[in-house]
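# Report on the structure
Residues per chain, in single letters:
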2 protein chains.
Amino acid sequence: MAQHHPDYATLMRARGFRMTPQRQLILEALGAGGDHLTLEEIYARVQHIAPTLNLATVYRTLDFLCDQRLVATADVGGQKTYELVGEEPHHHLVCRSCGEMRQIDHAALHALCATLDREQNFTMDMEHLVIFGRCSSCRGTAESVASASDTHVLH
Amino acid sequence: MAQHHPDYATLMRARGFRMTPQRQLILEALGAGGDHLTLEEIYARVQHIAPTLNLATVYRTLDFLCDQRLVATADVGGQKTYELVGEEPHHHLVCRSCGEMRQIDHAALHALCATLDREQNFTMDMEHLVIFGRCSSCRGTAESVASASDTHVLH
DNA sequence: GTAGCTGCAAAATTTTTGCAGGCGA
DNA sequence: TCGCCTGCAAAAATTTTGCAGCTAC
């Protein structure tokens, strides 16, 4: 799998682009923040270090990094989020009652992947899947929904 | 499973709300349009019949119908979409190269569901799952991405 | 008749764009 | 030095809100 901190500067220069402090900061924020940071969270983090860094720059930089396939987006709970590409394939179970988010690994979906391949002739993306549902502690409670989104995201 | 056209008017009156022509139209658009209509698509459809129907009303009505659990939302390809609740549980495979969307039924995910339940003590929502990947005809082509969104949605 | 609902318009919010100057290579 | 990038501010796009009048019941 990809290493944790590729040499982004070299990579970008090789592609004819520049490594600027702003891009560096945003990449670091994404690396340090774990996955699933929203644009606002990213903005808050980099702003903390570089208060003059403009919101428009965050929009443009994230667009740029997505184009370059260094960053990927996913929708989690209706929120568009960003994360570095190249992390271990992993997936999440998100409880729609309490919002708890648990990681599961690739293996759990292996059977599904094989089935789709065999029966549907379809190769599913395995980079990152988010499955909504209810965790054991929330199961059985009469409590209703609306705390977590209805949206279930697979990335 | 739920019938295709429940008596929404009676249901809403029973809950102390009104059935207005606007709500009727939006429900019909959702019923006729299949699943995964965006707000704009819904607006366009109802506008075609009732040109004075306001965009703000569409926003408010969809909110209202979601609150009432008559309509559910999902994010497909980064777009928030709406559909009637109470249809057959079904899922989609979406090719990120050509955009083809294929339905698969509940059974295909049954094994995954059981595994998560057993090993993770987690009950996944089964209402509606969208899995991105590549279909057989696009597999093997060198063609790159970006035609379909990176976002994979499970609802 | 009454209260919920809608249309309209304005406001608030979110995202994009133009342009001059700055800075990485 | 060259031209890619950024900050700033304005524009554009999207979503929400206030309010008066209408209408479902």
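Criteria and cut-off values
Residues numbered from 1 in each chain as written. Chains lettered and ligands numbered in written order. Predicted model: local features only at pLDDT ≥ 70, side-chain atom pairs only at ≥ 80, totals over all residues. Heavy atoms only, no water. Helix = DSSP H or I, 4+ residues; strand = E, 2+ residues; numbered from the N terminus. Buried < 20%, exposed > 50% of the residue type's maximum accessible area, 1.4 Å probe, protein only. Areas by Shrake-Rupley, 256 points an atom, 1.4 Å probe, with all protein chains shown as cover. Arc of directions from axis to C-beta. Axes fitted to C-alpha atoms, helices over the stretch in contact; angles between N-to-C directions. Parallel < 35°, antiparallel > 145°, perpendicular 65-115°, else oblique. Contact = heavy atoms within 4.5 Å. Nonpolar A, V, L, I, M, F, W, Y, C, P; charged D, E, K, R; others polar. Pairing = 2+ DSSP bridges. Core = buried A, V, L, I, M, F, W, Y, C linked by side-chain atoms within 4.5 Å. Near = heavy atom within 4 Å. Polar contact = N/O pair within 3.5 Å; in protein donor to acceptor, adjacent residues only side chain to side chain. Phe/Tyr/Trp six-rings, centres within 6.5 Å; stacked < 30°, edge-to-face > 60°. Lys NZ or Arg CZ within 6 Å of the ring centre and 35° of its normal. Salt bridge = Lys/Arg side-chain N within 4 Å of Asp/Glu carboxyl O.

A count of helices and strands for chain A gives five helices and eight strands. Listed N to C, the secondary structure of chain A is α-α-β-α-α-β-β-β-β-α-β-β-β in terms of helices and strands. The proportion of buried residues among the 155 residues of chain A is 45%. About 7,800 Å² of surface is accessible on chain A, with carbon and sulfur atoms providing 52% of the total.

Glancing now at unusual backbone geometry. Most peptide bonds are trans, and most residues other than glycine sit at a negative phi. All names here are of chain B. A positive phi is found at R69, a non-glycine position, where the angle reads about 60 degrees. Structurally, R69 can be placed in the loop between α4 (55-67) and β2 (71-76). On the basis of relative accessibility, which here comes to 38%, the residue R69 falls in the partly exposed class.

Before going further, it helps to examine helix α5 (residues 110-120) of chain A. Residue and element names in this part refer to chain A. Among the residues of α5, those classed as buried are L112, C113, T115 and L116. Axial view of α5: buried residues confined to an arc of 165 degrees, hence all on one face. Those residues of α5 that are exposed and angled more than 90 degrees off the buried face are H110 and R118.

All names here are of chain A. Where helix α2 (residues 21-32) meets helix α4 (residues 55-67), the axes come as close as 10 Å, and the angle between the chain directions of the two elements is 75 degrees. When the axes of α2 and α4 are compared, the pair comes out roughly perpendicular. Contact with α2, carried on its side by Q22, R23, I26, L27 and L30, involves T57, V58, T61, L62, F64 and L65 of α4 and no other residues of that element. Classifying every residue of the contact of α2 with α4 by side-chain character gives seven nonpolar, three polar and one charged.

Let us look at the sheet that holds strand β3 (residues 79-84) of chain A. All names here are of chain A. Here three strands make up an open sheet; going across it, the order is β1-β3-β2 and the pairing antiparallel. Looking at which strands have only one partner, the edges of the open sheet turn out to be β1 (37-38) and β2 (71-76). In this sheet, β3 lies alongside β2 in antiparallel orientation, the contact comprising six bridges. If you follow V71 over to β3, its bridge partner there is L84.

What follows is about the nonpolar core. In terms of nonpolar packing, the biggest core is built from 25 residues, with A:L112, A:I131, B:L112 and B:I131 touching the most fellow members. Those elements giving two or more residues to this core turn out to be β4 (90-95), α5, β6 (122-124) and β7 (128-135) of chain A together with β4 (90-95), α5 (110-120), β6 (122-124) and β7 (128-135) of chain B.

This next bit is on the protein's contact with DNA strand D. Neighbouring DNA strand D are 17 residues; A:R18, A:T20, A:Q22, A:T57 and B:Y59 lie closest to it. Counting only atoms of DNA strand D within 4 Å of the protein, the sugar-phosphate share comes to 66%. Within the side chain of A:R60, an N or O atom sits 3.0 Å from a base nitrogen of DNA strand D. Side-chain polar atom of B:Y59 to a phosphate oxygen of DNA strand D: 2.4 Å apart, as the coordinates give it. Elements that contribute at least two residues to the surface near DNA strand D include exactly α2 and α4 of chain A together with α4 of chain B. Taken together, the residues of the surface near DNA strand D sort by class into six nonpolar, five polar and six charged.

What follows is about the pairing of β2(B). Within β2(B), six of the six residues are buried, leaving the element largely enclosed by the surrounding structure. Taking every second residue as pointing to the same face, both faces of β2(B) are buried, with B:V71, B:T73 and B:D75 on one and B:A72, B:A74 and B:V76 on the other.

Attention now moves to the protein's contact with DNA strand C. Taken together, 17 residues lie around DNA strand C, and A:R18, A:Y59, B:R18, B:Q22 and B:T57 are the ones closest in. Counted by atom, the contact set of DNA strand C within 4 Å of the protein is 63% sugar and phosphate. In the environment of DNA strand C, a phosphate oxygen lies 2.9 Å from a nitrogen or oxygen atom belonging to the side chain of B:T20. Breaking the surface near DNA strand C down by element, the ones donating at least two residues are α4 of chain A together with α2 (21-32) and α4 of chain B.

Let's shift gears to the packing of aromatic side chains. Residue and element names in this part refer to chain A. Scanning the model with the defined rule gives two aromatic pairs over all chains in all. Between F17 and F64, the ring centres sit 5.1 Å apart and the planes meet at 75 degrees, which makes this aromatic pair edge-to-face. Placement of F17 in the loop between α1 (8-14) and α2 and of F64 in helix α4 is noted, with a sequence separation of 47 residues between them. A cation over an aromatic ring shows up here: R23 above the ring of F64, its NZ or CZ 3.9 Å from the ring centre.

Here we come to the pattern of salt bridges. Residues and elements named next belong to chain A. Considering all chains together, one arrives at two salt bridges over all chains under this definition. For the salt bridge of E119 with R118, the shortest nitrogen-to-oxygen distance reads 3.8 Å. Neither residue differs from the other here; E119 and R118 are each classed as exposed.

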